[in-house]
Amino acid sequence: MTPDPLGLKVESRRSKGSLAMNPKKYLVKALHRLQKGPGYSYRELLVWYCDNTNTHGPKRIIREGPKKKLVWFFLTLLFASLVFWQWGILIDTYLSYEVTSSLAIGFKAMTFPAVTICNASPFRYHKARAFLQDLDDLMDAALERLLHSGWQNETARASRPLNLQLWNQIPLVVIDEQEGAEPAILDILGNHSVPLGGVQNYSSFATPEGRRYKLALKLCTDQGSHCTFSNFTSAAQAVTEWYVLQSTSIMSRVPVRQRMAMGYQAEDMILACLYGAEPCNYRNFTHLYHPDHGNCYVFNWGMYKNPLISSNPGAEFGLKLILDIGQDDYVPYLSTTAGARLMLHQQRSFPFLQDQGIYAMAGTETSIGDELQRLGSPYSDCTRNGSDIPIRNLYKDYPVFQDGDTAAEPCTNCRGTEDTRGSPGGHYRTMYSIQSCLRSCFQAQMVKRCHCGHYSVPLPEGEKYCNNQDYPDWAYCYSSLHASVEHRQFCIQSCKETCNNTQYKMTISMADWPSEASEDWIFHILSYERDTSTNMTLNRSGIIKLNIYFQEYNYRTISESAATTIVWLLSNLGGQFGFWMGGSVLCLIEFGEIIIDFLWITVLRLIGWGRGLRVEAAYTNKAFQGDGPHGQPRRATSSAQAVPPEPGTPPPRYNSLRGGPPELGEPDSDGEASVGDPKVT
């Protein structure tokens with residue numbers, strides 16, 4: 001018989017619906033299969049855990065009588081609280097990352113440090129006078145007006161007009177802080193000066209009348225809409241800072257090659273050199289141009305060849321130098337200190353002489369005994385090479401301003417476009433240091449706020465140095481940035497110390513050199529060697545003798561290690577848990593297992609609630625419903641409305657929870673025996 005088309009359609013719809021319900025049914029069935037706990041009630045699960053756990057307290061809660069049950073409940077709760085309290089303290093201590101420092105002393109042959117030597121004056125005055133002449137004339141006039149005593153410099157202007165345009169860019173002013181009146185401001189060389197209480201001369205700042213006056217730098221923006229005053233308690237400090245600020249603006253427009261030519265050359269400055277028993281000369285020094293000190297020379301820097309090893313401790317195995325600083329040719333207003341600036345540092349590290357350098361006085365023999373200190377890798381926050389610092393290190397590729405004939409051999413640690421010994425287009429590859437990061441950070445802020453870079457720090461690519469002509473308000477911006485606490489905090493937080501660092505502890509001793517009895521013949525010999533002249537062209541005010549050596553071969557290594565490690569944390573956590581609760585790692589695994597069972601029961605109940613099924617409050621093994629034939633759940637009928645049971649795997653045979661022997665039915669699709677349903681009559 002031909003089947004009814006309508007019937008086929010109904011049957012087809014039913015089969016499609018059953019197929020659509022299969023994934024949901026199998027998902028619920030899979031959740032039941034994964035549930036391996038002792039039952040489907042929270043109470044049964046908790047009782048089962050207390051009876052089977054390896055932790056001692058919970059077992060006594062369910063096995064003792066009513067009174068002891070209460071006692072053991074409170075004891076277990078108390079000790080569990082102590083465990084969690086101790087765990088919190090231990091974890092907090094571990095996360096604080098405390099460190100311990102250790103000191104180790106060793107003895108071995110050591111690498112001789114790099115020695116950087118600079119003159120206190122960056123320029124020879126007779127070569128730099130053409131650029132500083134207008135500035136010197138303004139300085140002479142300002143001092144004459146301040147002192148008002150007929151003082152006049154020997155090199156003062158004869159009848160040259162003053163460059164007031166240069167003066168008005170950064171003027172020096174006198175502030176009258178007379179009591180009971182507004183402070184009066186007087187431009188020292190300005191045309192519209194305000195008289196200080198009728199006093200036309202400025203008296204001496206040391207007299208009682210003159211103490212009410214203060215000298216200050218007047219720093220204004222481009223249009224003069226806002227000005228600030230940098231006050232000084234001493235006129236000597238004020239005029240020195242004013243001269244340095246103005247000379248910085250002037251020299252920043254001079255090409256570097258020309259500035260180098262105005263400085264002290266190695267062949268003129270280094271008269272004699274001896275390392276151990278081997279003679280040396282200025283060609284064994286690497287030239288480095290420093291913006292603040294001019295031409296500097298580095299011995300044993302490690303840029304051209306491997307660093308030297310000190311064979312023995314003692315002065316006879318160190319570096320001995322005789323220097324001529326040419327003090328008679330110093331810039332009078334720029335260099336107020338006479339001597340040589342020197343620094344001992346690690347190979348391939350940039351020398352920051354302003355921060356770590358020392359002075360050697362003219363007319364003396366200075367002996368420097370150094371002791372090596374190594375700082376090992378710390379557990380604290382540090383950087384290995386500066387690659388993780390957000391600040392670009394401007395000293396990493398420091399420009400090479402050196403002629404090819406001054407290098408002893410090709411520069412292996414230089415980078416350039418030409419294969420030359422220190423080509424003008426190359427760069428020195430220096431190591432990261434905290435000083436280089438802080439100064440690079442300052443220059444980055446300077447470029448961002450003032451739109452130009454400071455003269456003493458290398459420039460980022462494409463930027464220019466600040467000067468009064470191109471950036472008239474740069475001094476005001478620089479002063480504001482230099483005094484900014486926010487900027488300093490930002491740089492300090494951004495920069496990190498190096499994880500490994502080498503420091504040299506110096507012991508300095510000085511004596512007059514040469515003595516009065518020997519100075520005549522020593523100066524004659526040195527003058528002849530330098531100038532091939534029989535006349536004595538050197539004197540005590542310009543000669544320095546240096547002795548640099550290792551005092552001993554003992555070196556100290558200071559290293560940091562973690563005060564709390566993961567092993568320390570785990571052992572202390574386990575010790576506290578075992579002491580208060582008698583537990584172990586297996587107890588924690590059991591606790592994790594019971595939590596998973598709780599979660600599965602919750603998921604199953606939520607699914608049952610979503611399907612509109614009524615789940616009994618407590619499940620017993622007698623009421624467990626297994627799977628019927630062909631994977632279909634069996635249904636139990638009664639006088640009330642039949643409730644379909646949830647499919648699932650029967651729980652393990654826990655005798656303490658089983659109400660009676662189950663009836664085994666047919667195996668389900670997974671090959672597991674299911675509990676049979678009561679027969680329906």
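Residues numbered from 1 in each chain as written. Predicted model: local features only at pLDDT ≥ 70, side-chain atom pairs only at ≥ 80, totals over all residues. Heavy atoms only, no water.

Let us look at the nonpolar core. With 50 residues, the main nonpolar core has Trp-242 and Trp-474 as its most contacted residues. With 10 residues, the top contributor of residues to this core is helix α5 (residues 125–147). Contact partners of Trp-474, with chain neighbours within four places excluded, come to Leu-245, Thr-248, Ser-249, Met-446, Cys-452, His-454, Cys-466, Asn-467 and Asn-468. (Core = buried A, V, L, I, M, F, W, Y, C linked by side-chain atoms within 4.5 Å. Buried < 20%, exposed > 50% of the residue type's maximum accessible area, 1.4 Å probe, protein only. Helix = DSSP H or I, 4+ residues; strand = E, 2+ residues; numbered from the N terminus. Contact = heavy atoms within 4.5 Å.)

A few words on the pairing of strand β19 (residues 543–550). With 7 of 8 residues buried, β19 lies mostly within the body of the structure. Direction of pairing for strand β11 (residues 319–324) relative to β19: antiparallel, over a ladder of 6 bridges. From the neighbouring strand, Leu-323 faces β19, where its bridge partner is Ile-544. (Pairing = 2+ DSSP bridges.)

Turning next to the state of the cysteines. A complete count under the given rule lists 8 disulfides for this structure. Here Cys-220 connects covalently by a disulfide to Cys-227, the sulfurs 1.9 Å from one another. On the S-S bond that ties Cys-220 to Cys-227, the torsion sits near 110 degrees, and the link is right-handed. A sulfur-sulfur distance of 2.1 Å marks the disulfide that ties Cys-441 to Cys-491. One disulfide, between Cys-441 and Cys-491, carries an S-S torsion of -80 degrees and so falls in the left-handed class. One end of the pair, Cys-441, is in helix α11 (residues 434–450); the other, Cys-491, is in helix α13 (residues 485–494), and 50 residues separate them in sequence. Cys-491 shares its class with Cys-441; the two are buried. (Disulfide = S-S within 2.5 Å.)

Turning our eyes to something else, we now look at the UniProt feature "transmembrane region" (unreviewed entry) in the protein. Under the feature "transmembrane region" (unreviewed entry), the UniProt entry names residues 70–91. Helix makes up 100% of residues 70–91 and strand 0%, with an end-to-end C-alpha separation of 32 Å. (UniProt positions renumbered as here; feature names shortened; annotations may be inferred.)

Attention shifts here to the packing of α11 against helix α12 (residues 474–482). α12 packs onto α11 with a crossing angle of 135 degrees between their chain directions and a minimal axis gap of 10 Å. One element, α11, and the other, α12, form an angle in the oblique class. Between α11 and α12 lies a crossing of right-handed hand. Along the contact surface, α11 presents Phe-442, Gln-445, Met-446, Arg-449 and Cys-450, while α12 presents Trp-474, Cys-477, Tyr-478 and Leu-481. Tallied by class, the residues present in the contact of α11 with α12 amount to 7 nonpolar, 1 polar and 1 charged. (Axes fitted to C-alpha atoms, helices over the stretch in contact; angles between N-to-C directions. Parallel < 35°, antiparallel > 145°, perpendicular 65-115°, else oblique. Left-handed = near helix turned anticlockwise from the far one by under 90°. Nonpolar A, V, L, I, M, F, W, Y, C, P; charged D, E, K, R; others polar.)

For the rest of this paragraph, the subject is the confidence of the model for the protein. In this model, the protein carries an average pLDDT of 76, and 72% of its residues clear a pLDDT of 70 or more. Across the protein, element-level confidence peaks in strand β2 (residues 114–119) with a mean pLDDT of 95 and bottoms out in strand β22 (residues 673–675) with 39. Throughout residues 402–425 the model reports pLDDT below 50, and contacts reaching past four residues in sequence, or to other chains, amount to 49 contacts. (pLDDT = per-residue confidence, 0-100.)

When you line up the elements, Thr-364 lands in strand β14 (residues 364–375). What makes Thr-364 buried here is its relative accessible area of 2%. A polar contact of 2.6 Å, which involves the side chain of Thr-364, links it to the backbone oxygen of Met-361. Not counting the four nearest positions on each side in its chain, Thr-364 is found in contact with Met-510, Ala-511, Asp-512, Trp-513, Ile-543, Ile-544 and Lys-545. (Polar contact = N/O pair within 3.5 Å; in protein donor to acceptor, adjacent residues only side chain to side chain.)

A few words on α5. Across its 23 residues, α5 extends only 25 Å between first and last C-alpha, which sits more than 12% below the 33 Å expected from 1.5 Å per residue. Along α5, the sharpest kink reaches roughly 75 degrees, centred on Phe-131. (Expected span 1.5 Å × (residues − 1). Bend = angle between axes of the 7 residues up to and from the residue.)

Structurally, Asn-295 is set in strand β10 (residues 294–299). Assessed through its relative accessible area of 3%, Asn-295 is described here as buried. Taking the C-alpha atoms as reference points, Asn-295 and Ile-117, separated by 178 residues in sequence, lie 8.9 Å from one another. With residues up to four places along the chain from it excluded, the contact list for Asn-295 reads Ile-117, Cys-118, Asn-119, Met-260, Gly-263, Tyr-264, Gln-265, His-287, Leu-288 and Tyr-289. Within the local environment of Asn-295, its side chain forms a polar contact with the backbone oxygen of Tyr-264, the two atoms lying 3.3 Å apart. Reaching out from Asn-295, the side chain makes a polar contact with the side chain of His-287 at a distance of 3.1 Å.

Below, the discussion takes up the sheet that holds strand β5 (residues 213–220). Read across the open sheet, the 4 strands follow the order β4-β3-β5-β6; overall the sheet is antiparallel. What marks the edges here is a single partner per strand, and that holds for β4 (184–187) and β6 (227–232). Here the strands of the sheet are splayed against their neighbours by 35 degrees on average, with no regard to which way each runs. With 6 bridges joining them, β5 and β6 adopt antiparallel strand pairing. Within β6, the residue paired with Leu-217 across the bridge is Ser-230. Docked against the sheet, α12 engages β5 and β6, running at close to 110 degrees with respect to β5.

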